[in-house]
Amino acid sequence: MLEQGNFLFNSPFLPCVFFWFFLFPVVASQIPLGSKLSVEENNLWVSPRGDFAIGFVNRSDQPYQYSVGIRFNSKSIPVPKQTVVWVAGADVTVGNKSYFQLSQNGELVLVDSSRGVTVWTSSTSELAVVSALLRDDGNLFLLNRKQEVVWQSFDNPSDTLLPGQNLPVHKTLRAASRNSVSSYYSLYMNASGQLQLKWESDVIYWSSYWSRGNPSSSNLGAVLTSGGVLQLVDHNQEPVWSVFGEDHNDSVNFRLLKLDIDGNLRMYSWVEATASWRSVWQAVENQCNVFATCGEHGICVFNASGSPECQCPFKTTSSPSSKCFALNCESNYSMDTYEHTFLYGIYPPNESITITSLQQCKELCIQDPSCAAATFTNDGTAQCRMKTSPYFSGHQNPSLSSISFVKKCSDPIAVNPHAFRSSPAQSPVKRSHGLCISCLIGAASGTFVLFAVVQIGIGYFIYRRGYQILRKAALAYPGWNSKGLMMLPFTEIKDITGNFKHQIGPGMYRGELPNHQPVAVKDLENAIEERKFRAVVSKIGSIHHKNLVRLDGYCFELGHRYLVYEYVKNGSVDKYIEDDELSQRLTWKRRVDICITVARAICYLHTGCREFISHGNLKCSNVVLDKNYEPKVSEFGLGTAHLEASYGGEKDVEDFGKMVLILITGRPEVKDAWEWIYEEWIQRRPEGVVDKRLDDGVDLKELERLLRIAFWCLQTNEHMRPSMGEVVKVLEGTLTVDPPPPPFSHRLSEEESLESGSKPPSPEEP
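Every value quoted in this text rests on a predicted model; they were computed, and no experiment measured them.

A. Quick look at the overall build of the chain. Along the chain, the regular secondary structure elements total 12 helices and 43 strands. A burial count over the chain gives 50% of its 766 residues as buried. Partitioning the intrachain contacts of the chain with sequence separation of at least 6 by distance along the chain shows that 58% fall at a separation of at least 24. Only carbon and sulfur atoms are counted for the fraction: they give 52% of the accessible area of the chain, which is about 37,100 Å².

Here it is as structure tokens:
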């Protein structure tokens, strides 16, 4: 159940305050170079008045996984309520032998000693830092010899703004995550100078609006005042938009603005009388209006106490481990109707919208095999919103006029053998007098023989005259397995591909179903035993993600193994790399987007599925582009059918690093190419490796980030390679990454790294 207003204490970091140890705080005006915090020593750096402290916190949902954060430390706030306001590296976590240090070269570094790598750094080694200072407003400073601030935590927010902290246009608040993957919820300022809450990159569910002119967004910043007001201020610090907490201008010692784990933005005040944090303002008043509040777990409704909770009124399976919506029908569908209910797709979030009537909306969905649900709205225009993915959510409220339809199975129920059994008292047996038993037997026998002859004749007629009709019908309405996949015979595979006429890649053919839906058919030439093949199909057929190519069906017959995928219009990335004319369409922005999107897709395979799935063969030819040049990863999970497959994620990480370098350079994989790219980078000539066919527009900061993470992915020592979750965070800019060592030779062993406590050398440290 959701508990509105209490999400501050449901963050993954907040239960951990019980693990903030009663330690030996280092109280000093400044923190000198070399100062160190470690998990084992349980020590803290504390602000002068003791209002804030920084140290390690244990994530209770992941034992032995620690983060470094700044938290409230005032004696007026009980330990369980001393919430975390800043975390180094967002969701990054380290083991129980790790440390956080202000190094001698002036960098804050978070070192995971269990892997011997630096997972986060302030990147301030060239700024002549001589000390650090944690202030009583919660801001961590790095100071140079002139006592000037050269870095501060206020400029690198995680999910919280404190009074006086500014959120400019190029910064983002990202909600804490429930798992190892970065949260989809974020707060940012758009090009028009509006604060917006969004899910992923394209779903905006709240915006700030103001009408005092249209100042440039580059001159604006969001600020929480000590009086409890959230403002957008211009370059003169004049407010152009404001919202007020319920207790604004009251005497409150501590306030904060937090993007909670549930995707809502809230302002909190510390109430001394009740010793608790109180929500005094929230951006989205109705929590059910926050996109994907219930995820894949149904719809958001309000219970009797007025609190929002997630319910599943349309669950179609009885298994407690199944998703809220899990359609698994043996025959036909019917539609359940839910009034005052609005549904929307999550993966993907977009949906097809048709102008039609209520009844026609229902019929359109039930006739479309890909439609899982539909919502009819009539707010001036009658619209039917059809969802073609089983991943949908929504909300229900008596004030909503929308009506939703959800598919359910309409399989016939077996006749109850007891339904027509009567007791002797109710139906006494009546004896018949003068009944001709032999006449009955003769009549029954004759009827049976006549019926059998007629049936055989009809069957023979259908066999002889209707064979082609039945074949077409079988193809139009193929068999479906328990995962909703088409099961096609080899003869139909030949039909839909035109006898394999249109080859679009190695072992890949374009085809078309009778309903004119294009498909791509993959020929698995290597023989795979039936048990393994069906296991692989079952596994990848249950995976749905907007950046993974959908598996629609398969063929398994003696000597034939085919997979039927959705058809993606613009083909694979490798043909754009190899062709000089097509390469012009892969702009720098598109290449960066491909890297980020593929990383998210592989991260989903590794951590978002019910069980770990390795792609096993990630390369440019297995990344395809749709009509809008949005990338999708194909042919994932097939390696598990072969004995030589790698079941770990290390190979996927290495293959991803190679793919990034190919996209940057425009060169196919060559034996010595990676060494040359690394040499150019180490000599501070990264722009020299960029594909010469690219026009202007290369972002050097993005280039540096891509090269660094690619070299880390290509480390010879597999234990030094990052996880795909860490790769995603680096590419999204929520996690910084150290300069990598040469990826083509072994570095210190893990044991040597643990003993020395060393971190990867920077380019200046050959």
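B. Here's a closer look at the side chain of Glu680. Mapped onto the elements of the fold, Glu680 is located in helix α9 (residues 673-682). Accessibility expressed as a relative area gives 13% for Glu680, which makes it buried.

C. Fine view of the sheet that holds strand β15 (residues 166-168). Ordered in space as β15-β20-β21-β22, the 4 strands form an open sheet in which the pairing is antiparallel. Two strands in the sheet have a free side with no partner beyond their single neighbour: β15 and β22 (239-244). This sheet shows a mean twist of 20 degrees between the axes of neighbouring strands, independent of strand direction. Relative to β22, strand β21 (residues 229-233) is paired through 5 bridges, and the arrangement is antiparallel. Bridge pairing in β22 places Val233 opposite Pro239.

D. Quick peek at the packing of helix α10 (residues 700-713) against helix α11 (residues 724-732). One can describe the packing of α10 onto α11 by two numbers: an axis separation of 9 Å at closest approach and a directional angle of 165 degrees. The orientation of α10 relative to α11 falls into the category roughly antiparallel. Note on packing geometry: the crossing formed by α10 with α11 is right-handed. Judged by residue contacts, Arg705, Leu706, Ile709 and Cys713 of α10 engage Val727, Val730 and Leu731 from α11. Here the contact of α10 with α11 is built from residues that sort into 6 nonpolar, no polar and 1 charged.

E. Structural context of the state of the cysteines. Applying the stated criterion to the full structure yields 4 disulfides. A sulfur-sulfur distance of 2.1 Å marks the disulfide that ties Cys294 to Cys310. Judged by the torsion about the S-S bond (-95 degrees), the Cys294/Cys310 disulfide is left-handed. Pair noted here: Cys294 is in the loop between β25 (276-282) and β26 (299-302) and Cys310 is in strand β27 (residues 308-311), with a separation of 16 residues, a long-range link. Between the sulfur of Cys361 and that of Cys384 lies a disulfide, 2.1 Å long from S to S. Between Cys361 and Cys384, the S-S dihedral sits near 70 degrees, and the bridge is therefore right-handed. Of the two residues, Cys361 is situated in helix α1 (residues 358-367) and Cys384 in strand β32 (residues 382-387); the sequence distance between them amounts to 23 residues. Cys384 carries the same exposure label as Cys361, and that label is buried.

F. Structural detail: the pairing of strand β13 (residues 149-152). In this structure, strand β12 (residues 140-144) lies alongside β13, joined through 3 bridges in antiparallel fashion. From the neighbouring strand, Leu142 faces β13, where its bridge partner is Trp151. As consecutive antiparallel partners, β12 and β13 are separated by 4 residues, and within that stretch Gln147 has a phi angle of approximately 60 degrees, a positive value.

G. Inspection of the sheet that holds β13 at higher detail. A sheet is described by the order of its strands in space; here 4 strands give the open sequence β2-β11-β12-β13, paired in antiparallel fashion. On the outer flanks of this sheet lie β2 (31-32) and β13, each paired with one strand and no other.

H. A look at unusual backbone geometry. The phi torsion at Ala292 lies on the positive side, around 60 degrees, for a residue other than glycine. Tracing the sequence through the fold places Ala292 in the loop between β25 and β26. Of the residues examined, Ala292 reaches a relative accessible area of 10% and is grouped as buried. In this model, Glu635 sits at a positive phi of 55 degrees, which is unusual for a non-glycine residue. Inspection of the secondary structure assignment puts Glu635 in the loop between β43 (631-633) and α8 (650-665).

I. Summary view of the side chain of Asp652. In this structure, Asp652 sits in helix α8. We note that Asp652 is buried and unpaired, the nearest opposite charge coming from Lys651 at a distance of 5.9 Å. Polar side-chain contacts of Asp652 include one of 2.8 Å to the backbone nitrogen of His615. Other than its neighbours up to four places away in sequence, Asp652 contacts Ile602, His606, Ser614, His615, Gly616 and Leu618.

J. Region of interest: the pairing of strand β31 (residues 373-378). Taken across its 6 residues, β31 has 5 buried, putting it largely inside the fold. Here β31 pairs with β32 via 6 bridges, running antiparallel. Paired with Thr375 across the bridge in β32 is Arg385. Hairpin connection from β31 to β32: 3 residues lie between these consecutive antiparallel strands, with Gly380 at a positive phi of about 100 degrees. When β31 meets strand β34 (residues 403-409), the two strands line up antiparallel, connected through 4 bridges. Within β34, the residue paired with Phe376 across the bridge is Ile403.

K. Region of interest: the nonpolar core. Counting residues in each nonpolar core, the largest one holds 114 residues, and the members touching the most others are Ile54, Phe100, Leu563 and Phe656. The element contributing the most residues to this core is helix α7 (residues 588-608), with 12 residues. Beyond its immediate chain neighbours, meaning those up to four positions away, Phe100 contacts Ser35, Lys36, Leu37, Trp45, Ile54, Phe56, Val68, Ala88, Leu108, Val109, Leu110 and Trp120. Listed in part, the 37 residues of the second largest apolar core include Leu230, Val243, Met267 and Phe342.

L. Fine view of the packing of aromatic side chains. Enumeration over the complete set of coordinates arrives at 26 aromatic pairs. Where Phe533 meets Tyr554, the ring centres are 6.1 Å apart and the plane angle is 65 degrees; that geometry is what we call edge-to-face. Of this pair, Phe533 sits in helix α5 (residues 530-541) while Tyr554 sits in strand β40 (residues 551-557), and the two are 21 residues apart along the sequence. Across the pair, exposure class does not vary: Phe533 and Tyr554 are buried alike. Here the aromatic residues Trp45, Trp86, Phe100, Trp120 and Trp151 are joined through ring pairs into a cluster of three or more. In this arrangement the basic side chain of Arg510 is found over the ring face of Tyr567, its NZ or CZ atom lying 4.6 Å from the centre. Seen from the ring of Trp676, Arg667 lies directly overhead, with NZ or CZ sitting 4.4 Å from the centre.

M. Looking closely at empty space enclosed by the protein. For the structure shown, the criterion picks out 4 cavities of 30 Å³ or more. Considering only enclosed or pocket space, the largest cavity measures out at about 170 Å³ in volume. Lining the largest cavity are 15 residues, and of these Thr118, Val119, Pro722, Glu726 and Val737 lie nearest its centre. Broken down by class, the residue content of the lining of the largest cavity amounts to 9 nonpolar, 2 polar and 4 charged.

N. The pattern of salt bridges, seen in detail. Under the counting rule described, the total for this entry stands at 26 salt bridges. A salt bridge links Lys589 to Asp593; its shortest N-O distance comes to 3.1 Å. One end of the pair, Lys589, and the other, Asp593, are both in helix α7, 4 residues apart, so they sit about a helical turn from each other. By relative accessible area, Lys589 is classed as exposed at 59%. Note on Asp593: relative accessible area 30%, which makes it partly exposed. Connected through salt bridges with shared partners, the residues Arg550, Asp552, Glu566 and Lys632 form a single ionic network.

Calculation notes
Residues numbered from 1 in each chain as written. Predicted model: local features only at pLDDT ≥ 70, side-chain atom pairs only at ≥ 80, totals over all residues. Heavy atoms only, no water. Helix = DSSP H or I, 4+ residues; strand = E, 2+ residues; numbered from the N terminus. Buried < 20%, exposed > 50% of the residue type's maximum accessible area, 1.4 Å probe, protein only. Contact = heavy atoms within 4.5 Å. Areas by Shrake-Rupley, 256 points an atom, 1.4 Å probe, with all protein chains shown as cover. Pairing = 2+ DSSP bridges. Axes fitted to C-alpha atoms, helices over the stretch in contact; angles between N-to-C directions. Parallel < 35°, antiparallel > 145°, perpendicular 65-115°, else oblique. Left-handed = near helix turned anticlockwise from the far one by under 90°. Nonpolar A, V, L, I, M, F, W, Y, C, P; charged D, E, K, R; others polar. Disulfide = S-S within 2.5 Å. Lys, Arg positive; Asp, Glu negative; His and termini not counted. Salt bridge = Lys/Arg side-chain N within 4 Å of Asp/Glu carboxyl O. Polar contact = N/O pair within 3.5 Å; in protein donor to acceptor, adjacent residues only side chain to side chain. Core = buried A, V, L, I, M, F, W, Y, C linked by side-chain atoms within 4.5 Å. Phe/Tyr/Trp six-rings, centres within 6.5 Å; stacked < 30°, edge-to-face > 60°. Lys NZ or Arg CZ within 6 Å of the ring centre and 35° of its normal. 1 Å grid on protein atoms, 1.4 Å probe; cavity = no way out; pocket = protein on both sides within 12 Å on 5 of 7 lines; lining within 4 Å. Points joined across faces, edges and corners; volume = space filled by probe spheres on them.

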